[in-house]
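# Chains, contacts and geometry: an overview
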Amino acid sequence: MQVQAQVQLKSLNTLNLNAIASHYVQINQPDDVVEALAFAEHQHLNVLVLSGGSNVLLPQQVRALVLHLNIQGIDVLAEDESTVIVKVGAGQVWHDFVLYSTQQQWFGLQNLALIPGLVGASPVQNIGAYGVEAGEFIESVQVYDRELKHFTSIAAEDCHFAYRHSIFKDQPNRYIIVSVTFKLLKTAELKLNYGDLKQAVGDELTAENLQNQVIQIRQSKLPNPKEFPNVGSFFKNPILSQAEFDKITQQFPNIPHYPQANSNVKVAAGWLIDQAGWKGKQFGPVGMFHKQALVLVNYAEATLADVQNTYQTVQSDVKQKFSIQLEPEPVLYSEQGLIQAHLG
Ligand code: EPU
């Protein structure tokens, strides 16, 4: 394990924010975590765990020890005729694992193709797309528990997976995820009920085709971070009570919406932002993408302050028009390397 000083994190976060880490270390195996934490404690440094950098907002200076997760490995732990249990290192690229699972004829994750980031981040905000969430296929998550100072495995039912949420968001500085164990199916059960996915898949009802269609839909709407630096959906889709929803549909009957449990209704943040006039609009170096208003793009060397100026203006315009408060999806870090709440 080798700690480096003054490391530029620009290429390690997909929004391409300039961020210099005072201390940085790559974590290649679970035991490195223990060594890195001991170093941080000795140096009185906070710890910032960096995965694929596709859901983070970093300040220009990070005075902390950045642990860059790079643990590899895909190991089958058990299988029977209907399922396979597979443990995947936190540093594996998510999309590569999805492609690999399809090649192996393991089913479940195809709707989640092309989501940026690494496997270790998938349980944190319970990544989801096209009617599927990663949590549905997670069996357990292997972590280092910084509070109890030991490695342990957390069963899926104790992860409290919900829409873009889990215990890893409730207790953000407690666990360092080193691997994720999935339970995948050996018989394909294609989930086609989201939007126009069914139409895109057509008559070729195979997992490969489903995966390819998801890739095509994503590529047609979502900007490639290498071309237009971004962190995917910038805001969560707000969940309204039935009463709030009834009120808003009186004025805006066309609002795209998805009924949830407990008679709540999820509404499309992208539509709200679009209707507020922000689709393709830029404020300074930061704007909302012209093909999908939910994606914030760094067009020209933006700083975190530029990003905050733009997203807070979007929030206040949406609030003024619809009386709905949008909540940012990416994790915001302070200069001390700690996760902090978004303002506004
Ligand atoms: N819409 C507009 N204008 C826009 C964007 C969207 O009117 O500029 C409308 C669309 O026409 C559609 C609705 O809003 O009726 C929803 O749009 P879309 O189907 O593109 O999905 P989304 O709600 O914008 C969510 C996830 C995505 C995920 C897609 C597909 C969230 C915050 N976002 O987006 O996840 O890929 O569904 O399942 O839940 C991510 O989290 O980074 C992400 C990309």
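All of these numbers come straight from a predicted model, not from anything done at the bench. Here, residues in each chain are numbered from 1, in the same order as that chain's written sequence. Confidence filtering applies because this is a predicted model: local features only for residues at pLDDT of at least 70, side-chain atom pairs given and counted only at 80 or more, and all residues used for totals across whole chains, interfaces and linings. As a convention, hydrogens and water are excluded, and side-chain values are obtained from all of the structure's heavy atoms.

## Some thoughts on the sheet that holds strand β3 (residues 46-50)
Ordered by their spatial adjacency, four strands build an open sheet running β1-β2-β5-β3, and the pairing between neighbours is mixed. Each end of this open sheet is capped by a strand with a single partner; those strands are β1 (4-8) and β3. Taken over all neighbouring pairs, the strand axes of this sheet differ in orientation by 45° on average, direction set aside. As defined by bridge partners, β3 adjoins strand β5 (residues 61-69) across five bridges and the pair is classed as parallel. Opposite V47, over in β5, you have L65 as the bridge partner. Strands are labelled as partners when DSSP assigns at least two bridges between them. Here a strand is any run of E in DSSP of at least two residues, a helix any run of H or I of at least four, and the numbering for each starts at the N terminus. Axis definition: a line fitted to C-alpha atoms, over the contacting stretch in the case of helices. Angles run 0 to 180 degrees between N-to-C directions.

## Some words on the sheet that holds strand β7 (residues 83-89)
Taken together, the five strands give an open sheet; going across it, the order is β6-β7-β12-β10-β11, and neighbouring strands pair in antiparallel fashion. The open sheet has two edge strands, β6 (74-79) and β11 (150-155), and neither has a second partner. On average, each strand axis in the sheet is inclined to that of its neighbour by 20°, with strand direction left out of account. Throughout, a contact is declared for two residues whenever any of their heavy atoms are within 4.5 Å. Each of β10 (138-145), β11 and β12 (175-185) touches helix α1 (residues 30-42); the most contacted strand, β12, lies at about 160° to it.

## Here's the deal with the site of the ligand
Every one of the 24 residues lining the ligand counts as a neighbour, but Y130, Y163, D274, Q292 and A293 are closest to it. Within the contact set of the ligand, an oxygen atom lies 2.7 Å away from a side-chain nitrogen or oxygen of Y163. Only the protein chains shown count as cover for residues, and all accessible areas are computed by the Shrake-Rupley method using a 1.4 Å probe. When isolated, the ligand has an accessible area of 830 Å², and the protein chains bury 82% of it. Among the elements of the structure, β8 (128-129), α5 (207-221), β13 (230-233) and α7 (269-275) are those that each provide at least two residues to the shell around the ligand. Just so you know the grouping, Ala, Val, Leu, Ile, Met, Phe, Trp, Tyr, Cys and Pro go in nonpolar, Asp, Glu, Lys and Arg go in charged, and all remaining residues, Gly too, go in polar. Partitioned by chemical class, the residues of the shell around the ligand number eleven nonpolar, six polar and seven charged. For the shell around the ligand, the domains that each give at least three residues are domain 2 (74-217) and domain 3 (235-328). Here a residue counts as near a molecule or strand whenever at least one of its heavy atoms sits within 4 Å of it. Two N or O atoms count as a polar contact when they lie within 3.5 Å, although within protein this holds only if one can serve as hydrogen donor and the other as acceptor, and sequence-adjacent residues are included solely when both atoms are side-chain atoms. As used throughout, domain bounds are those supplied by an automatic or database domain assignment.

## Overview of the domain arrangement of the protein
Here the domain parsing of the protein yields domain 1 (4-69), domain 2 (74-217) and domain 3 (235-328). Across the interface of domain 1 and domain 2, roughly 1000 Å² is buried in total on both sides, 71% from carbon and sulfur atoms. When a carboxyl oxygen of Asp or Glu lies within 4 Å of a side-chain nitrogen of Lys or Arg, that pair is called a salt bridge. Our count for the domain 1 to domain 2 interface comes out at zero salt bridges. Taken together, the connections running from domain 1 to domain 2 amount to zero residue pairs in polar contact (both at pLDDT 80 or more). Two parts lose some accessible area (1.4 Å probe) when they are put together, and adding that loss for both gives the buried area.

## Describing the layout of surface pockets
Over the atoms, a rolled probe matching the size of one water molecule traces out where space is still vacant. Within this scheme a cavity is a closed region of a 1 Å grid, computed over the protein atoms alone, that accommodates a 1.4 Å probe without allowing it to escape, whereas a pocket is open but has protein on both sides within 12 Å along at least five of seven lines; lining residues each have an atom within 4 Å of a point. Grid points are joined across faces, edges and corners, and a volume is the space filled by probe spheres set on the points. By volume, the second largest pocket amounts to about 800 Å³. Lining the second largest pocket are 29 residues; nearest its centre among them are T14, P116, N224, P225 and K226. For the lining of the second largest pocket, the secondary-structure elements that each account for two or more residues are β5, α5 and β13. Residues belonging to the lining of the second largest pocket are distributed by class as follows: ten nonpolar, 17 polar and two charged. In terms of domain composition, the lining of the second largest pocket takes at least three residues from each of domain 1 (4-69) and domain 2 (74-217).

## Points about the packing of aromatic side chains
Working definition: rings of Phe, Tyr and Trp (its six-membered ring) pair if their centres are within 6.5 Å, and the pair is stacked with planes under 30 degrees apart, edge-to-face with planes over 60 apart, and tilted otherwise. Within this structure, the stated rule accounts for 15 aromatic pairs. Centroid distance F97 to F182: 5.2 Å. Interplanar angle 40°. Geometry classified as tilted. Placement of F97 in helix α2 (residues 94-103) and of F182 in strand β12 is noted, with a sequence separation of 85 residues between them. Considered together, F97 and F182 belong to a single accessibility category, that of buried residues. Plain terms: the ring middles of Y144 and F151 are 5.0 Å apart, the flat faces sit at 70° to each other, and that makes the pair edge-to-face. Each residue is assigned to one of three classes by its accessible area relative to the maximum for its type, calculated with a 1.4 Å probe on protein chains only: buried under 20%, partly exposed between the two thresholds, exposed over 50%.

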